Amino acid sequence: MMTSNNGDQLLRFKHHLFILMCILLFACKGGEQNMFSAKSEGGDTLKLTYAHNINIVKHGDYTIVSLANPWKKGEILHSYLLCANPNAISEDVKKGHTVVKTPLKKSLVATAVHCSLFAELGCKEAVAGVCESNYINLDFIKEGVNSKKIADCGSGMQPDVERVMALSPDAIMLSPYESSAGYGKVDQLNIPIIELVDYMETSPLARAEWMLFYGMLVGKEDEAQKILDKVVKEYEEYKTIASDDDTKMKVLIDKMYQATWFLPGGQSTIGIMLNDANCNYIYSDEKNSGSIERSFEQVLDKAADADIWLLRYGKMGNEVYNLQSLSKENEKYSIFKPYKSGEVYGCETSETHFFEETPFHPERLLRDFVILTHPQLDLAKNSKTKYFIKL
């Protein structure tokens, strides 16, 4: 029998593993795709400014949305035909596309970030099911699951097919991975699977631009456009504010997981944001667009003299996370200059809704970066950070 202590340790391990997976996903991006021209013939192509892995073409009564395969350059991962009345569309037009009747009314949405976006778009009711609800830190999801109004369909990698069948959603929204071999038996249910590959985009604003697609799915395209316009405007404003300061703080980010320090590559979403914040990220010269794996010694060699340390962590229970907590994890952390000077700032990822919000609101995270790395600017003097606090 598992003891209470062992059970707590297992829960803690799973929670930290979840945080790590989110960080790795947040760091990822894909390459620019140019295979969409043939898909755009005969329709009105929606002009996208930032996103490269999606193509949207409107054809009157229906819209074709094509997703690039971010792991196989030049290939299409999935193509969708969105329409209000599928019966009115000819079989020849439907051929080669997954038909999705819109707006979605009753969907299984596996990821917290997309649940959060649907709530912001004003269509919480479209979320009828989720996966691994214990990792979704949204009140309406928690309340819905507790009241049985929202179904928890198990694993986001391979949802429980019986629960999905009982839910009978009009679409299943899941995140694919390069090494995944499909979605198990749910692939055979004849329910449209919306593959959520926005996390593989090339920049913070590129991922945010995908909200136009998700807005179309729930009949909220105009609302999504308004949100996106505001995101872009504020992101560019914060970027300009940061560029006015010649001071560039040297930045260390995150911490070790077991024996490895996972850091965002210089061309990852976080890496690009740190560059846009006009600071000196220690791995900005690494052109890697995903996560970089380094040993403690390698990071120490690069960042022992860093000016500031920004880290994300998951808290269990009511414990207060502070510098002492950090040194208990690894006493060598105290060697770093920002530890000694007290310039360590932490983001508790569940209480702050970091992972739920920042993928489609990168301007909020950029604002934090600018405030913390340019404390002499008026923005920093007159504003508080949203996600990071001093440990």
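Criteria and cut-off values
Residues numbered from 1 in each chain as written. Predicted model: local features only at pLDDT ≥ 70, side-chain atom pairs only at ≥ 80, totals over all residues. Heavy atoms only, no water. Helix = DSSP H or I, 4+ residues; strand = E, 2+ residues; numbered from the N terminus. Buried < 20%, exposed > 50% of the residue type's maximum accessible area, 1.4 Å probe, protein only. Contact = heavy atoms within 4.5 Å. Areas by Shrake-Rupley, 256 points an atom, 1.4 Å probe, with all protein chains shown as cover. Axes fitted to C-alpha atoms, helices over the stretch in contact; angles between N-to-C directions. Parallel < 35°, antiparallel > 145°, perpendicular 65-115°, else oblique. Left-handed = near helix turned anticlockwise from the far one by under 90°. Nonpolar A, V, L, I, M, F, W, Y, C, P; charged D, E, K, R; others polar. Pairing = 2+ DSSP bridges. Core = buried A, V, L, I, M, F, W, Y, C linked by side-chain atoms within 4.5 Å.

Novice: Just to check I follow, could you spell out the overall build of the chain for this structure?
Specialist: Per the secondary structure count, the chain includes 15 helices and 18 strands. The burial tally for the chain puts 54% of its 391 residues in the buried class. Pairs at least 24 apart in sequence give 60% of the contacts found in the chain among residues at least 6 apart. Carbon together with sulfur atoms contributes 48% to the accessible area of the chain, which is approximately 18,000 Å² in total.

Novice: Would you explain the environment of Val 99 in this entry?
Specialist: Structurally, Val 99 is set in strand E5 (residues 98-101). Separated by 37 residues in the primary sequence, Val 99 and Tyr 62 place their C-alpha atoms 9.9 Å from one another. Not counting residues up to four positions away in its chain, the partners in contact with Val 99 are Leu 81, Cys 83, Pro 86, Lys 94 and Pro 192.

Novice: Explain the packing of helix H9 (residues 269-276) against helix H14 (residues 362-373) to me, please; I cannot follow it from the model alone.
Specialist: Each pair of packed helices gets described by two things: the angle between the helix axes and the distance between those axes. For the pair H9 and H14, the least separation of the axes is 9 Å and the interaxial angle reads 50°. The angle between H9 and H14 places the two elements in the oblique class. In the packing of H9 onto H14, the handedness of the crossing is right-handed. From H9, Ile 270, Met 273, Leu 274 and Asp 276 reach across to H14, where they touch Pro 362, Leu 365, Leu 366 and Phe 369. For the contact of H9 with H14, the class distribution of residues is seven nonpolar, no polar and one charged.

Novice: Looking at this model, I keep getting lost on the sheet that holds strand E15 (residues 291-294). Mind explaining?
Specialist: As summarised here, the arrangement of the three strands in space is E12-E13-E15, forming an open sheet in which the pairing is antiparallel. Each of the sheet's edge strands pairs with one partner strand only, and the pair in question is strand E12 (256-257) and E15. Where strand E13 (residues 260-264) meets E15, four bridges bridge the pair, whose relative direction is antiparallel. For Pro 264, the partnering residue across the bridge sits in E15 and is Ser 291. Contacts from helix H10 (residues 296-303) reach E12, E13 and E15 within the one sheet, and its direction differs from that of E15 by about 105°.

Novice: Explanation requested: the pairing of strand E3 (residues 62-68) in the structure shown.
Specialist: Within E3, seven of the seven residues are buried, leaving the element largely enclosed by the surrounding structure. Burial along E3 is two-sided: the face carrying Tyr 62, Ile 64, Ser 66 and Ala 68 and the face carrying Thr 63, Val 65 and Leu 67 are both buried. As defined by bridge partners, strand E2 (residues 54-58) adjoins E3 across five bridges and the pair is classed as antiparallel. Note on E3: the bridge partner recorded for Val 57 is Ile 64. What sits between E2 and E3 in their antiparallel hairpin is a turn of three residues, with Gly 60 showing a positive phi close to 75°. Bridging between E3 and strand E4 (residues 76-83) involves seven bridges; their strand directions are antiparallel.

Novice: Looking at this structure, I do not really get the nonpolar core. What am I missing?
Specialist: Taken as a class, soluble globular proteins show a tendency for nonpolar side chains to be buried jointly. One finds Phe 118, Ile 141, Phe 213, Tyr 214, Leu 252, Trp 261 and Trp 309 to be the most contacted residues of the largest nonpolar core, which totals 99 residues. No other element matches helix H8 (residues 221-243), which puts eight residues into this core. The residues touching Phe 118, leaving out its near neighbours within four places in the chain, are Val 109, Cys 123, Lys 124, Ala 126, Val 127, Met 173, Tyr 214 and Val 218. Core analysis: the second largest hydrophobic core is formed by 13 residues, Leu 108, Cys 131, Val 164 and Ile 191 among them.

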